[in-house]
Amino acid sequence: MISIIMPVYNEGSQIYSNVSKVKRILEQNQIDSQILLVNDGSTDNSWSEMERLSRDYSNVLIIQLSRNFGKEAALCAGLEKAAGDACLIMDADLQHPPEVIPEMVRLWRDESYDVVEGVKSDRGRESLTGKFTALTFYKLFKKATGINLNSASDFKLLDRKVVDSWKQMTESITFFRGMSAWLGFKRIQVPFKVQERVNGCTKWSKSSLIKLAVHSITSFSALPLHLVTWLGSILLIVDVVLVTQTLYMKLVGKAFTGFTTVIILILGVGSFIMISLGIIGVYISKIYEEVKHRPRYLISKIQGKGLNNE
Ligand code: UDP
Ligand code: MG
């Protein structure tokens, strides 16, 4: 049996028809499944639409989080509650085309791959700056962590043993794509074309994307911290050269007349120190978040049978 997991945030206008479509495709291909919908604190009629779905279809299970925790947390809730032999994660707006599901299931069932990853063969309609920032971020991420996220997506099928291994990663702030790459296992990629969003609009604002980028790099790599050390060392070398030169000038009686060097040095060193403190601050705030050991999400309501409640 497969658990299909979808995070839902303000998708009231389309969730019913989208889930029905997924269900139809699953039935046509005789895939035994449960569909887990996680309501991430939607403020529209998503929950009542989800209740309607769970009334109409016996294999639809619905989970209500106590507030909006973000897509990552909603995914965690779904993965932890799923009981299937494999879990398939997809967006509720069907930008991840459900037509690809049978092929993903076949690769898992017949060719025994543990992780089947949907990769974007085409980024869909996205602004030029959007594409550019995404690509720059992937480059930075690859440099810092060695994990290639280019064209990776959250559209994935994970075998039970991968889900169980994933559960052992206990950090409270998660970055699902990075974590899943870190896990390893026998994996294969399936290209898919990102679909247009039919209804509503994307929930990602520019600032939330920047936050996600900083968060994902700092939770997977300490390179920025080492960078601080490197910058410091380079500065030290420059310092030694300048000190020697200044002393030499002093000794031969040709001391500096201007303050140019002094000003440049003060500004340069000052800004390096500020940036370094900032980077260290980001990591300290992460440590602070992690030691609090808060749960990743809180569930206020669950409906439907067949959940994993160990
Ligand atoms: N989502 C969520 N919580 C949030 C934001 C989004 O559960 O705080 C869900 C949303 O309902 C959708 C998926 O995450 O199923 C992807 O969101 P969206 O389509 O807004 O992102 P995009 O496709 O633009 O990356
Ligand atoms: Mg979307």
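Data block above holds the structure.
First, a word on scope: everything that follows refers to the structure included in this document. Note that the structure is predicted; figures quoted are calculated from it, not measured. (Residues numbered from 1 in each chain as written. Chains lettered and ligands numbered in written order. Predicted model: local features only at pLDDT ≥ 70, side-chain atom pairs only at ≥ 80, totals over all residues. Heavy atoms only, no water.)

1. Details of the overall build of the chain
Regarding its fold elements, the chain presents 10 helices and eight strands. Rg of the C-alpha trace for the chain: 25 Å, well past the compact-globule value of 19 Å for 310 residues, more than 25% over. Counting only C-alpha atoms, the chain reaches 90 × 40 × 40 Å along its principal axes. Pairs at least 24 apart in sequence give 82% of the contacts found in the chain among residues at least 6 apart. Split by element, the accessible area of the chain, about 16900 Å² in all, is 62% carbon and sulfur. Once the 37 positive and 30 negative side-chain charges of the chain are each reduced to a mean point, those two points are 6 Å apart. (Helix = DSSP H or I, 4+ residues; strand = E, 2+ residues; numbered from the N terminus. Rg over C-alpha atoms; globule rule 2.2 N^0.38 Å. Contact = heavy atoms within 4.5 Å. Areas by Shrake-Rupley, 256 points an atom, 1.4 Å probe, with all protein chains shown as cover. Lys, Arg positive; Asp, Glu negative; His and termini not counted. Charge placed at Lys NZ, Arg CZ, Asp CG, Glu CD.)

2. What about the site of ligand 1?
With respect to spatial proximity, 16 residues lie near ligand 1, and among them Asp40, Asp93, Gln95, Thr202 and Lys203 are the closest. With respect to ligand 1, the side chain of Asn68 contributes an N or O atom lying 3.2 Å from an oxygen atom. The separation between an oxygen atom of ligand 1 and a polar main-chain atom of Ala92 is 2.9 Å. Taken by itself ligand 1 offers 530 Å² of open surface, and the protein chains cover 86% of this. When its residues are assigned to classes, the shell around ligand 1 shows five nonpolar, four polar and seven charged. (Near = heavy atom within 4 Å. Polar contact = N/O pair within 3.5 Å; in protein donor to acceptor, adjacent residues only side chain to side chain. Nonpolar A, V, L, I, M, F, W, Y, C, P; charged D, E, K, R; others polar.)

3. Comments concerning the packing of aromatic side chains
Between two aromatic rings, the relevant description is the distance of the centres plus the angle of the planes. Evaluation of the coordinates by the stated rule reveals six aromatic pairs. Residues Phe137 and Tyr138 carry aromatic rings whose centres are separated by 5.8 Å and whose planes lie at 50 degrees to one another, so their mutual orientation is tilted. There is no split in this pair, since Phe137 and Tyr138 are both buried. Ring plane angle 50 degrees and centroid distance 5.7 Å describe the contact between Phe137 and Phe141, whose orientation is recorded as tilted. With Phe137 and Phe141 both in helix H5 (residues 128-145) and four residues apart, the pair spans about one turn of that helix. Through a chain of ring-to-ring contacts, the aromatic side chains of Phe137, Tyr138, Phe141 and Phe175 assemble into a single cluster. In this structure, Arg52 is placed above the aromatic ring of Tyr16, and the distance from its NZ or CZ to the ring centre is 3.9 Å. (Phe/Tyr/Trp six-rings, centres within 6.5 Å; stacked < 30°, edge-to-face > 60°. Buried < 20%, exposed > 50% of the residue type's maximum accessible area, 1.4 Å probe, protein only. Lys NZ or Arg CZ within 6 Å of the ring centre and 35° of its normal.)

4. A look at the environment of Asn29
Structurally, the position occupied by Asn29 is in the loop between helix H1 (15-28) and strand E2 (33-39). Sequence-wise, Asn29 and Gly12 are 17 residues apart; in three dimensions their C-alpha atoms are separated by 27 Å.

5. Focus: the pairing of strand E3 (residues 60-65)
For E3, the tally of buried residues reaches six of six residues, placing the bulk of the element in the interior. Of the two faces of E3, the one carrying Val60, Ile62 and Gln64 and the one carrying Leu61, Ile63 and Leu65 are both buried. In this structure, E2 lies alongside E3, joined through five bridges in parallel fashion. Across the sheet, residue Asn39 finds its bridge partner in E3, namely Gln64. At this point the chain moves from E2, through helix H2 (residues 46-56), to the parallel E3, and the crossover so formed is right-handed. In the sheet, E3 pairs with strand E8 (residues 299-303) via four bridges, with the strands oriented antiparallel. Looking at E8, one finds that Gln64 is bridged to Lys301. (Pairing = 2+ DSSP bridges. Right-handed = clockwise from strand over helix to strand, strands pointing away.)

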